[in-house]
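Residue strings, one per chain:
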Amino acid sequence: MKGLILFIIATLAAVGALLLEYLRYASFAQGSWIWVGAALVVAGALLWTRRAELLQRTLVNERLQRRERVQGDPSSIVLLGVLGLTLAFIAQLAHSPFLGWLTFLYLLGMAVYGEFGKPGIVAIRPILILLIFLNPVPIACEPWATLALQSTSTSMTTVMLDFLRIFFFSEGNVLGLISEQKLFPELFQGVSWLFPTVFIVIAWGIHYRYGWIRTTVNVFQAVGWVIVGNATGATILLANKQYGGNWLDFPSVVALWDYVKFVAILFFTWSGDQFLASTLRSTFNESNLVEGQDSEAVPLLPLRWKLSGIHYGLVIGLFLVCGLSIRLSGYYRAILPSQTLAERIELPSQIDSWTVEQLDSPETPAWLPAGSSVRSWVLERDGKKMILEVATSTTTPKPYLYSWLWTGWRLEKAPEFLDRDEADGKPMMAQLARLPGEVCTVLALGTDQYGSPLIANSPLELGSKLPGVVQENLLRALGKMPFKPEKRNLKIPLSCTVSLFVVSSRQLDSEMLEELKQCWTAITAWVNKDVLELTSR
Amino acid sequence: MWQFLFELPFRVLHIIALAIDWVTGRWLALTELDEEAAPDRSWMRWLSLLPLRGVIWLFNTTLWLITVPVRGFFLSPANRTCYLRGLPAFFCFSCMVAIVVGHAYFRERFTRRYNAQAIASMGKKNLVDGILHAKRLVAVPPKNQERETLYLYGIANANLERRDIAEAVMAAIAPDGRIGYPPAHQFRAIDLIKDYESSPSQEKLDSLQWHLENSSFRDQEQRLLLWAKLYQARNNDTKTAETLQQAAKLNPLHYFALSELELNRENTIASKQALESAVEVFAKRIEERPADKTSRIRLASAFAKLKRFAEAEKTLIAGLEFHQDQDMRSALSELFVLQFDGMTEKANFVEKLSPLMQAMTLDLNSRDVYLRLEGLFSRNMEEPSRKELTAIFERLLVSGYNPTAAHFAIGFLAAINPEGSSTATWHLGQAQSLQPTIALAYSNLASVLARPETKRFDEAELFARQAVAGQIQEPALYVVLGKILIAKGDFGATIDILKPVASKFPELQALQETLSEAETAIKK
């Protein structure tokens, strides 16, 4: 047990900082701290329920080992240790909290393996898988997965509304009632209860020792029920509004309805599991037995090792050196509470002969992650109108065009980066279209929470010449790229997206495009100035 | 075994249903391709009339919904419990599948409902609703109706004054140089002609011709008129006349345009012929339906243009028997104004006054009458005539006959006399209070107030400004205002007000002179 504790200390020394970052990050990505906390408690509880088994297996294992006189293989220790160290190193270098979390889980598994051997790993394997699931999907996939899921849910809502003879209109994933002549974005802000449902389904499977086939099938049907639940929920609320109800006017009713929806999703997932268990009993039950069987007959590997205090000290030292060396190389750490950043930006009433007017009641679009804020200004000159939007977020923002795609715009042609000869801070220009006669030209530039341009993270990479996250951090570590945002061309810290766009009925002519670019230069200078002023306070 | 026996009849029915579905589906597919090539099976035709696929789909779903729950009774007790727990999910899943499949099947019907709703909303002038319905249609157009849907969306936008979107939509479905959706070509042709009138160019004419050639007008008259406008823009008078002739056959009103065209071409005979044709058509219409007011007015108009005033008067007076309304009276009033215009210089004052008085009797609000009265009085400024005229109008005033005109005339006549300022102010003020829309009264009142002996410039400016409010087509009113402002010494305001009007009416000498007077004064 002493060895296990020491190993955990070493692990925390190596990736602890990243874990803290991960917790902050994951909590916002998932919507609330409660969810991550609850997930960790559930994982702990599951581990606790298996403690007796863990010890029992270990005893069986030791007895068998003694009987068969199998010795540990020192080379495997080195192999596993080097792999762990490499993972920790890459996690630090890429400054990836997600990889940090995975490294932590790997090292935890390794420690359990070291202490309890293969049976220990077999006992906690499902829990480790559950904890891996806590890691959000990579940032490049997550927004698009959300988009696809919401798109499916919205489609299903439209189907149901059609059957209810309710006339509606849509802007991408967001639906509105024609009778109200209003969109209801609050009902279409991404499918809710997906991660909690799937987590509960996996936890349920672990607790009842379902086989992997049954659990996988249940996860898939849970995703289906989440979509159906969200669609039905939105339909019911819209139908209520259509027929004169006022549920939508009371947030508490909507919240209550959300919980009812969650209970219904869980119920139907359970019911579906029961139905499949009775119909496909052979597959499900066989799958169910796998874990029970191997509890009796665990094939033992000769890999079994015990480390002395010196060995532990060596490992701890290695991790500390690795962690500290990276830490000491000095990352730029953004500490500004960015959700207030957009709110604090003040633009003058005139910029480069463009009249600037702030749009009333800036509402943060519901599909942006928690902690985001958006502000918009209208710029007018000689009857020409442009809109400036500054969106900031405490987490990595969505890719540039995400909110546009959410509201039904589609890319007309591949976006291109302007000023290719500059080192970074290149604005991206995109042509979007929605319905006929609705064209939008967007100039946008975004940064992640470290001030890096959001290019490598974007699924719309489009052969960007900028290095990716890992490559960029490596270049920084080697001194090939500046660390501090002050040295950059665009000095917007934290995750911040600046977009300047024109909505028109036709594609912009070259003259208007030139004006857009000129306006962009003037605007970004002001936004940078404002942001720098704020950050220096 | 028991389960198998139980399910067997359902399975057989299921297979039969599928077979029927396949056979009729094939037949329908063949019919769609080529009706003659399809085998003549009357029973198939009968079957195909039913929403068969829907019926079979419903039947199969029902079978599924019956057999699956019943299957539970053949399970072991433990599994049966499990099975019963799973039924809610099964039914819910079945419902979802049914809804999704049913929606796919009835998709056309749903979208057509939106189509109907969009048209109905636009018919009720509820354009926002119309556009929202059309929006949904554009997102999911009914099968083979993409262009119709887009057209509907474009029209909705046009009705909502979102011309740019409407134009972009129409350009997408009726592009230049490629045959598109005919009604959209029509829309673009109408749009282009307006655009051409504001900024002419050869490209626009070429484009207009393309869209006219590919449009499908339900309204042939409109099509011919657009062609006529195109020919006219290309200075092809012969073709214009031919086209107008065709249009006039559909609507004789266009005989007037044809007559004007021929008159401009100095082809008086053809011009007269066109008017004669109009007379012929409208006279026939009145013969058939004597109460047809529009035709009667047009007939009178044609007579008047042919200078057959007596017949015109007779036509309209006969019309008063059917319609004692203002339209008919105004038409008659206009006729008297035309008669006045047609009088030669040799006619004396009383002869000239007579049609104007008649016109005034018929239409108290006729601006044309007041303008002509003013002109007539200005030419008869001798003292005796003025006194005689004043006496006539005073008698009219006492008799209560058209007090507005009487006040106006007396005030105007008094204003000519330098000592008659107060009388003029009072009478013109009365005329103005009786009929505030008479800009001329305001203007005259202003002139009176601004006279050297009165010098009530502030009031004069106020009335002069009221006179010009929204009266850009009457530059003479601006001259009065300009003169008052100059008298007040406000040269800057004079230039500001007169400059835009002077650029619009460069030929108006009085206006140019007033402007230059202000400009000279400001330089000093």
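Rules used in this analysis
Residues numbered from 1 in each chain as written. Chains lettered and ligands numbered in written order. Predicted model: local features only at pLDDT ≥ 70, side-chain atom pairs only at ≥ 80, totals over all residues. Helix = DSSP H or I, 4+ residues; strand = E, 2+ residues; numbered from the N terminus. Buried ≥ 20, exposed ≤ 12 C-beta atoms within 10 Å, placed from the backbone. Contact = placed C-beta atoms within 7 Å. Nonpolar A, V, L, I, M, F, W, Y, C, P; charged D, E, K, R; others polar. Core = buried A, V, L, I, M, F, W, Y, C linked by C-beta atoms within 7 Å. Pairing = 2+ DSSP bridges. Axes fitted to C-alpha atoms, helices over the stretch in contact; angles between N-to-C directions. Parallel < 35°, antiparallel > 145°, perpendicular 65-115°, else oblique. Left-handed = near helix turned anticlockwise from the far one by under 90°. Expected span 1.5 Å × (residues − 1). Arc of directions from axis to C-beta. pLDDT = per-residue confidence, 0-100.

1. Focus on the overall build of chain A
Check the secondary structure of chain A and you find 15 helices and 11 strands. Residues counted as buried form 37% of the 537 residues belonging to chain A. If you take every contact in chain A between residues at least 6 apart in sequence, the share linking residues at least 24 apart comes to 71%.

2. Some details on the overall build of chain B
In terms of helices and strands, chain B carries 26 helices and 0 strands. For chain B, the residues scored as buried account for 35% of the 524 residues in total. Restricting the contact set of chain B to residue pairs at least 6 apart, pairs at least 24 apart contribute 45%.

3. With respect to the interface of chain B and chain A
Chain B puts 34 residues into the contact, and the matching count from chain A is 25 residues. Breaking the side of chain B that touches chain A down by element, the ones donating at least two residues are helix 4 (77-123), helix 5 (127-139), helix 6 (146-159) and helix 7 (163-173) of chain B. Ranked by the residues each element gives to the side of chain B that touches chain A, the list is headed by helix 4 of chain B, at 16 residues. Per-class residue counts for the side of chain B that touches chain A are 22 nonpolar, 6 polar and 6 charged.

4. Description of the nonpolar core
Among the nonpolar cores identified, the biggest contains 88 residues, and B:Ala300, B:Leu356, B:Ala409, B:Ala446, B:Ala464, B:Tyr478 and B:Leu481 are the most heavily contacted of them. The dominant element in this core, judged by the number of residues it contributes, is helix 20 (residues 403-416) of chain B, at 9 residues. Excluding residues that lie within four positions of it along the chain, B:Tyr478 makes contacts with B:Val468, B:Ile497, B:Leu498, B:Val501 and B:Leu511. In terms of nonpolar packing, the next biggest core, distinct from the first, is built from 84 residues, A:Ala43, A:Ala231, A:Ile265 and B:Met170 among them.

5. Side note on the pairing of strand 5 (residues 354-358) of chain A
All names here are of chain A. Examined bridge by bridge, strand 4 (residues 350-351) and strand 5 share 2 bridges and lie antiparallel to one another. Across the sheet, Gln350 pairs through a bridge with Thr355, a residue of strand 5. What sits between the antiparallel neighbours strand 4 and strand 5 is a turn of 2 residues, in which Asp352 has the positive phi angle 50°.

6. Notes on the packing of helix 4 of chain B against helix 5 of chain B
Residue and element names in this part refer to chain B. In contact at an axis separation of 8 Å, helix 4 and helix 5 are set at 160° when each is read in the N-to-C sense. Our classification of the angle between helix 4 and helix 5 gives roughly antiparallel. Viewed along their axes, helix 4 and helix 5 form a crossing whose handedness is left-handed. Every residue of helix 5 that contacts helix 4 at Thr111, Tyr114, Asn115, Gln117, Ala118, Ser121 and Met122 is listed here: Leu127, Asp129, Gly130, His133, Ala134, Arg136 and Leu137. Classifying every residue of the contact of helix 4 with helix 5 gives 6 nonpolar, 6 polar and 2 charged.

7. Things to note about helix 11 (residues 237-250) of chain B
Residue and element names in this part refer to chain B. Along its 14 residues, helix 11 runs 20 Å from first to last C-alpha, staying within 8% of the 20 Å computed at 1.5 Å per residue. Along helix 11, the residues that are buried comprise Thr240, Ala241, Thr243, Leu244, Ala247 and Ala248. Down the axis of helix 11, the buried set is contained in an arc of 165°. They therefore lie on one face.

8. Here's the deal with the packing of helix 10 (residues 220-233) of chain B against helix 11 of chain B
Residues and elements named next belong to chain B. It is at 8 Å that the axes of helix 10 and helix 11 come closest, and there the two elements cross at 165°. When the axes of helix 10 and helix 11 are compared, the pair comes out roughly antiparallel. In terms of crossing hand, the pair formed by helix 10 and helix 11 is left-handed. Residues Gln220, Glu221, Leu224, Leu225, Trp227, Ala228, Tyr231 and Gln232 of helix 10 pack against Lys239, Thr240, Thr243, Leu244, Gln246, Ala247 and Leu250 of helix 11. Grouping the amino acids of the contact of helix 10 with helix 11 by side-chain chemistry returns 8 nonpolar, 5 polar and 2 charged.

9. Details of the confidence of the model for chain A
Residue and element names in this part refer to chain A. With 56% of its residues at a pLDDT of at least 70, chain A reaches an overall mean of 70. In the model, residues 325-339 has pLDDT below 50 throughout and makes 32 contacts with residues more than four positions away in sequence or in other chains. Counting interchain partners and residues more than four positions distant, the pLDDT-below-50 stretch residues 448-469 has 57 contacts.

10. Points about the pairing of strand 1 (residues 168-171) of chain A
Each regular strand displays side chains that alternate between the two surfaces of the sheet. Residues and elements named next belong to chain A. In this structure, strand 1 lies alongside strand 2 (residues 174-177), joined through 4 bridges in antiparallel fashion. Bridge pairing links Phe169 to Gly176 in strand 2. In textbook terms, the turn of a hairpin is the stretch between consecutive antiparallel strands, and for strand 1 and strand 2 this stretch comprises 2 residues, one of which, Gly172, has a positive phi near 65°.

11. Concerning the sheet that holds strand 3 (residues 182-183) of chain A
Residues and elements named next belong to chain A. With respect to topology, 3 strands assemble into an open sheet ordered 1-2-3, the strand pairing being antiparallel. The sheet is open, and its two edges are formed by strand 1 and strand 3, each paired on a single side. Relative to strand 3, strand 2 runs antiparallel, the two being bridged by 2 bridges. Bridging across to strand 3, Gly176 finds its partner in Leu183.

12. Thoughts on the environment of B:Ile410
Residues and elements named next belong to chain B. Along the polypeptide, Ile410 turns up in helix 20. With 21 residues separating them in the primary sequence, Ile410 and Leu389 have C-alpha atoms 8.1 Å apart. Those residues in contact with Ile410, other than ones at most four positions away along the chain, are Thr390, Phe393, Glu394 and His427.

13. Quick look at the environment of A:Thr152
With respect to the helices and strands, the residue A:Thr152 is situated in helix 6 (residues 142-163). Placed 21 residues apart in sequence, A:Thr152 and A:Asn173 show a C-alpha to C-alpha distance of 8.9 Å.

14. A look at helix 24 (residues 475-488) of chain B
Residue and element names in this part refer to chain B. In this model, helix 24 (14 residues) spans 20 Å end to end at C-alpha, consistent with the 20 Å of a helix rising 1.5 Å per residue. Every buried residue of helix 24 is accounted for by Leu477, Tyr478, Val479, Val480, Leu481, Gly482, Lys483, Ile484 and Leu485. One or two positions beyond helix 24, positive phi appears at Gly489, with a value near 85°.

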